[in-house]
Amino acid sequence: MDKATTDRAQRLLCLSLLTGLTLFTAAAASTTSALSAEACPGNPGALGTSRTIVVDPREHPKIGTMQYAETLPLQDKEVVLTFDDGPIPKHSNAILDILASECVKATFFIIGRMAKEHPEGVRKLIALGHTVGTHSQNHPLSMNRMPIEKAQQEIEDGIANTTAALGDPALLSPFFRIPGLLRASVVEDYLASRGIQTWSADFPADDWRHVSSQKVHDLAISRIAAKGKGILLLHDIQPRTVAALPGILRDLKAGGYRIVHVEAATPDKPKTPTEPQQWQLHPVSETVAVTRWHKVPTFAFAHDEMLPAPAISASDQMLSLSRSFDRRRGAVPLPEQAPWPRAATLHAMTSSAALPVPAQDLFELAERHGKPIKALVQLPHHAQQTAPARGSDSDAIAKLISIDASAARRTIPGAIPPGLHPTAVAAPR
């Protein structure tokens, strides 16, 4: 076979391989599209649920960096959706429809009283593949200060009513969120003793406040972007949440975020393997330098003997003080002249350079020579100052004093009586 024939055969082989690779790629793409369409019927470009993680509540009893040190073991740009306070059919069903249209799974924290009133709403959550936890019986905003017995009753009644609505205790996940996030250590300890995981959140959207749906959307997206990953807190009973949710899901997909579903571990469902640092929101990488204070080194000496004292050099002798001074009592030792340049001698100031002596009146304090205040001393209204018919002046004064002594209120001599101005002039006698 000549060289031309060999080259032609090689070109045909390469062309056949290229054609086969193209057909394989097209088939793979078609299969992926079919899987996507099958995963989310009617919405091939849906956000979807990227993965499901299984957690053991006993190993990590408290999650959510709004209040706790740990959160779920998520990767960057992974978000867990949670909804509180339902079900209320009018709004909760709308939330479920929006999530279903995007094939998104979430975690719902149910109020026991709502579950008792709308049990079909709780069963619908399980039918759609969502996770169901509890949120107390009556949503009291005082679990941080109520007696532990009352808090236990709220927790247990909420679990009992939600379980009754589901019809099977195995369908209820051991997840609990404290109403209003008003945490208390005694409540958390009780939940941990029951094997129930306390959920906080990593960022809220403030949809329980009187804000617009656009504000709910903006807060959710901005706070997710700020932390990069975590648990989003929403409420499925709010109309503003219903209006904001489609935009939140749309912008999460546009931003490259992925939705993660969370389930509780069971004997038949083992936990997802994780490392301890994955439960930190932003764990410190071992390859990244971290600024820390330098530790004080611990010195270990090979021998215990003292180190030799340093020898005195010639320069040290030049700076040493002279010992040839008069040792008589009261004598002051005089040092030798220093080897460095001496300071310039200050000459005495002449009389022309002397500062002027301040005048004596500079230190005198001016006294105020105001006129004394003259006050009118008013006698009690029942003291009659009438001229006596007979007797001396001393008898008249004694009579006036005796009358004034019986008065309930006296006027102190020299004081200013009520109602009189300080400038008043004493009445002539």
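Relevant structure appears above.
To keep things clear, this report deals only with the structure shown in the data block. Everything numeric here is computed off the predicted structure, so don't read it as measured data.

Procedures and definitions
- Residues numbered from 1 in each chain as written.
- Predicted model: local features only at pLDDT ≥ 70, side-chain atom pairs only at ≥ 80, totals over all residues.
- Heavy atoms only, no water.
- Salt bridge = Lys/Arg side-chain N within 4 Å of Asp/Glu carboxyl O.
- Helix = DSSP H or I, 4+ residues; strand = E, 2+ residues; numbered from the N terminus.
- Buried < 20%, exposed > 50% of the residue type's maximum accessible area, 1.4 Å probe, protein only.
- Disulfide = S-S within 2.5 Å.
- Axes fitted to C-alpha atoms, helices over the stretch in contact; angles between N-to-C directions.
- Left-handed = near helix turned anticlockwise from the far one by under 90°.
- Contact = heavy atoms within 4.5 Å.
- Nonpolar A, V, L, I, M, F, W, Y, C, P; charged D, E, K, R; others polar.

**Thoughts on the pattern of salt bridges**
Scanning all chains against the criterion turns up eleven salt bridges. Across the salt bridge formed by Glu78 and Arg258, the nearest N and O atoms sit 4.0 Å from each other. In this pair, Glu78 is assigned in strand E3 (residues 78-84) and Arg258 in strand E10 (residues 258-264), connecting sequence segments 180 residues apart. Look at Glu78 and you get buried, because its relative accessible area is 2%. Glu156 serves as the salt-bridge partner of Arg194, at 2.8 Å between the closest nitrogen and oxygen. Here Glu156 lies in helix H5 (residues 148-166) and Arg194 lies in the loop between helix H6 (185-193) and strand E7 (197-199), a separation of 38 residues in the sequence. For Glu156, a relative accessible area of 24% gives the class partly exposed.

**A word on the state of the cysteines**
Within the structure shown, the criterion is met by one disulfide. For Cys40, the disulfide goes to Cys103, at an S-S distance of 2.3 Å. With the S-S bond torsion at 100 degrees, the cross-link from Cys40 to Cys103 turns out right-handed. A residue pair is termed long-range when its members are at least 10 positions apart, and Cys40 in the loop between helix H1 (3-39) and strand E1 (51-55) and Cys103 in the loop between helix H2 (89-101) and strand E4 (107-110) qualify at 63 residues. Residue classification places Cys40 among the buried positions, given a relative accessible area of 4%.

**Concerning the packing of helix H7 (residues 213-227) against helix H8 (residues 239-254)**
For the pair H7 and H8, interaxial distance at closest approach is 8 Å and the crossing angle is 35 degrees. Pair H7 / H8 crosses with right-handed handedness. Two secondary-structure elements touch here, H7 through Ser213, Val216, His217, Ala220, Ile221 and Ile224 and H8 through Arg240, Ala243, Ala244, Gly247, Ile248, Asp251 and Leu252. By residue class, the composition of the contact of H7 with H8 is eight nonpolar, three polar and two charged.

**What to know about unusual backbone geometry**
The peptide bond linking Gly86 to Pro87 adopts the cis configuration, its omega dihedral lying at 0 degrees. When you line up the elements, Pro87 lands in the loop between E3 and H2. Of note, the phi angle at Cys103 is positive, near 55 degrees, even though the residue is not glycine. In this structure Cys103 comes out as buried when scored by relative accessible area, which is 15%.

The values reported here are purely geometric and, on their own, carry no functional implication.
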